[in-house]
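So the chains spell out like this:
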Amino acid sequence: MAISAARRIAFDVLRRVASQNAYAADLLYAELERGIKKADASLATDLTLGVLRRQRLLDFLLQRFLERPCDRLDLEVLLALRLGLYQLRYLDRVPAHAAIDESVELVKRARKSSAAGMVNAVLRRAAADARISGDELQKLIPAGTAAEERLGILYSHPTWLVARWVSSFGTERTTALLEANNRPAPQTCAVLEEEASERIAESLRKSGLEVAPGRWLRGALQISGGNAGSSDAYRAGQINFQDEASQMVAHLVDARDSQAILDVCAAPGGKTVLLARGAGSHGIVMAADIHGHRLRIVQEQLRRMEIKNVRLVALDATRALPFSPGFDRVLVDAPCSGTGTLSRNPEIRWRLKPEDLEDAHLCQTAMLRNALGVAGKSGRVVYSTCSLEPEENEQVVAEAIAEAPEWRVAAGQPALAAHLREAATAEKFFAADGFLRTFPPDHGTDGFFAAVLARS
């Protein structure tokens with residue numbers, strides 16, 4: 001039988017994610033730009049990201065019907081089993097025979113025909129209780145299993161990550177975070193001209209999209225029901241895809257007309273665009289990144305949005321920066337673990353290791369230290385990550401300030417309030433320590449951290 005485009009795309013993307021360390025969202029974007037039908041694009045996205053989000057639980061449920069451990073199966077066989085069980089368990093609109101039969105065909109297509117009979121038998125046995133949940137699902141986990149291990153199985157996260165979150169946030173907030181990470185992330189865009197949000201929303205609706213105001217920001221829109229990348233508003237450079245928390249970080253920089261601004265880790269360019277808008281035609285933004293191919297992505301964004309006041313430069317921000325002190329604003333949106341984006345990038349949870357956080361901390365501290373050195377006397381530096389981990393956030397800021405005691409944490413509320421739908425809600429994002437934090441289950445955004453630093 002023929003394999004649907006959606007299942008073929010999902011299988012191929014999942015195979016590349018597993019074998020090439022690629023990112024599912026990037027691969028899906030490339031695949032779905034090729035004239036794929038709307039229904040197939042939606043199903044392919046659901047299958048790919050859903051399997052990645054539920055991977056551990058799917059393997060746990062499959063293991064009951066397998067003679068060998070899941071991790072000893074050929075990758076293609078395991079992916080076909082995961083895709084089949086995901087459909088049986090989570091997708092009401094997919095008939096069981098389609099989920100099973102096409103999973104068998106996927107194995108044959110991957111030249112693993114010898115496993116086709118096993119895939120068929122396992123999925124038919126799994127189909128009988130695929131929807132098991134609640135107390136029955138709990139009973140399948142051996143008695144005496146540690147609480148963090150149990151949560152890790154039920155919500156498909158690594159046990160070590162669950163354990164550290166329970167230590168930081170408590171069990172109740174951690175459970176809410178795990179649930180949020182397993183829900184689809186909203187598709188949000190930033191409107192370049194904030195005051196034109198209503199007009200651009202109407203243009204997007206005429207393109208067949210469902211549009212709602214952003215939850216927090218005047219210049220944010222939430223989009224569903226289609227591919228906004230093919231809309232007139234996107235092609236005209238009026239919008240850019242960007243989570244609201246990421247937009248908040250750019251607004252914290254408080255870019256103003258005629259300023260000189262340095263964006264130390266600019267790719268893929270969403271924040272750069274907002275900084276350039278704030279600096280105006282008489283200002284300048286230096287957009288830097290270590291990778292030339294990522295700078296080309298920034299360049300494409302700038303060209304589409306007809307932004308002229310940005311200069312691109314390739315550099316390693318962990319080394320001394322090739323600039324004299326004098327920038328009015330510096331943004332260090334540091335590369336990080338990405339634990340605040342596990343709904344959007346679910347594969348991260350399976351790749352990240354505890355030791356990665358310490359390695360990241362060393363690089364991030366070096367970047368912030370170097371950034372402080374090129375800010376002008378009255379300049380401000382914003383440090384941010386899309387991580388929930390203190391090693392990458394509070395500890396980086398504390399270490400950098402300890403080495404440069406003339407710097408302090410400054411208030412970010414006024415800069416953010418100027419862009420919120422309700423200015424008073426700025427306080428929702430700041431605690432007594434002065435840092436901005438967004439928490440996915442609380443704010444409906446990615447999880448971001450940001451600190452505004454100024455000289456005393």
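First things first, this report covers the structure right here in the doc.

What counts and how
Residues numbered from 1 in each chain as written. Predicted model: local features only at pLDDT ≥ 70, side-chain atom pairs only at ≥ 80, totals over all residues. Heavy atoms only, no water. Salt bridge = Lys/Arg side-chain N within 4 Å of Asp/Glu carboxyl O. Helix = DSSP H or I, 4+ residues; strand = E, 2+ residues; numbered from the N terminus. Buried < 20%, exposed > 50% of the residue type's maximum accessible area, 1.4 Å probe, protein only. Core = buried A, V, L, I, M, F, W, Y, C linked by side-chain atoms within 4.5 Å. Contact = heavy atoms within 4.5 Å. Pairing = 2+ DSSP bridges. Axes fitted to C-alpha atoms, helices over the stretch in contact; angles between N-to-C directions. 1 Å grid on protein atoms, 1.4 Å probe; cavity = no way out; pocket = protein on both sides within 12 Å on 5 of 7 lines; lining within 4 Å. Points joined across faces, edges and corners; volume = space filled by probe spheres on them. Nonpolar A, V, L, I, M, F, W, Y, C, P; charged D, E, K, R; others polar. Patch = residues over 30% accessible without salt bridge, like charges linked within 9 Å, V, L, I, M, F, W, Y side chains within 5 Å. Areas by Shrake-Rupley, 256 points an atom, 1.4 Å probe, with all protein chains shown as cover. Lys, Arg positive; Asp, Glu negative; His and termini not counted. Charge placed at Lys NZ, Arg CZ, Asp CG, Glu CD. Phe/Tyr/Trp six-rings, centres within 6.5 Å; stacked < 30°, edge-to-face > 60°.

### Re the pattern of salt bridges
Throughout the structure, instances matching the rule amount to 30 salt bridges. The salt bridge partner of Asp59 is Arg82, with a shortest N-O separation of 2.7 Å. Of this pair, Asp59 sits in helix α4 (residues 55-63) while Arg82 sits in helix α5 (residues 75-90), and the two are 23 residues apart along the sequence. Arg82 matches Asp59 in its accessibility class, with the two residues each being buried.

### Quick notes on the nonpolar core
In this structure, Leu62, Leu81, Leu83, Leu85 and Leu123 are the most contacted members of the largest nonpolar core, which totals 69 residues. Sequence-distant contacts of Leu123, defined by excluding residues within four places in its chain, comprise Leu62, Ala80, Leu81, Gly84, Leu85, Leu88, Ile100 and Ser103. In this structure, Trp216, Ala220, Leu416 and Ala450 belong to the second largest nonpolar core, which totals 38 residues.

### As for the sheet that holds strand β3 (residues 220-224)
On the basis of which strands lie adjacent, the open sheet formed by four strands has the order β2-β3-β1-β4 and antiparallel pairing. The strands lining the two open edges of the sheet, one partner per strand, are β2 (210-213) and β4 (239-241). On average, adjacent strands in this sheet sit at an angle of 35 degrees to one another, irrespective of strand direction. Examined bridge by bridge, β2 and β3 share four bridges and lie antiparallel to one another. Its bridge partner being in β3, Glu210 is matched across the sheet by Ser224.

### So, the layout of surface pockets
A volume near 330 Å³ is recorded for the second largest pocket. Lining the second largest pocket are 18 residues, with Leu192, Arg277, Met305, Glu306 and Ile307 sitting closest to its centre. Mapped by element, the contributors of at least two residues to the lining of the second largest pocket are α12 (197-206) and α15 (270-279). A per-class count over the lining of the second largest pocket returns eight nonpolar, five polar and five charged.

### Here we look at a negative patch on the surface
There is a patch of like negative charges on the surface, built from Glu355, Glu358, Asp359 and Glu399. It is helix α18 (residues 354-374) that contributes the most residues to the negative patch, three residues altogether. Structurally, Glu355 is set in helix α18.

### Brief notes about helix α11 (residues 171-181)
Every buried residue belonging to α11 is among Thr174, Thr175, Leu177, Leu178, Ala180 and Asn181, and all of these are buried. Buried residues belonging to α11 abut α3 (38-53), α9 (147-154), α10 (159-169), α17 (348-351) and α21 (440-443).

### Remarks on the packing of aromatic side chains
Overall, the coordinates contain seven aromatic pairs when judged by the stated rule. Aromatic side chains Tyr234 and Phe241 sit 5.1 Å apart centroid to centroid with 20 degrees between the ring planes, which places their arrangement in the stacked category. Given a relative accessible area of 28%, Phe241 falls into the partly exposed group. Measuring from ring centre to ring centre gives 6.5 Å for Tyr383 and Phe449, while their planes differ by 65 degrees; the resulting arrangement is edge-to-face. One end of the pair, Tyr383, is in strand β9 (residues 375-385); the other, Phe449, is in strand β12 (residues 449-455), with 66 residues separating them in the sequence. For the pair formed by Tyr383 and Phe449, the shared burial category is buried. Each member of the aromatic cluster is reached from another via a ring pair, and the members are Tyr383, Phe435 and Phe449.

### With respect to empty space enclosed by the protein
Applying the stated criterion across every chain, the model contains one cavity of 30 Å³ or more. Size it by volume and the largest cavity reaches roughly 30 Å³. Forming the boundary of the largest cavity are Ala190, Val191, Leu192, Asn240, Gln242, Gly270, Val273, Leu274 and Met305. Of all the secondary structure elements, the ones that give two or more residues to the lining of the largest cavity are β1 (187-191) and α15.

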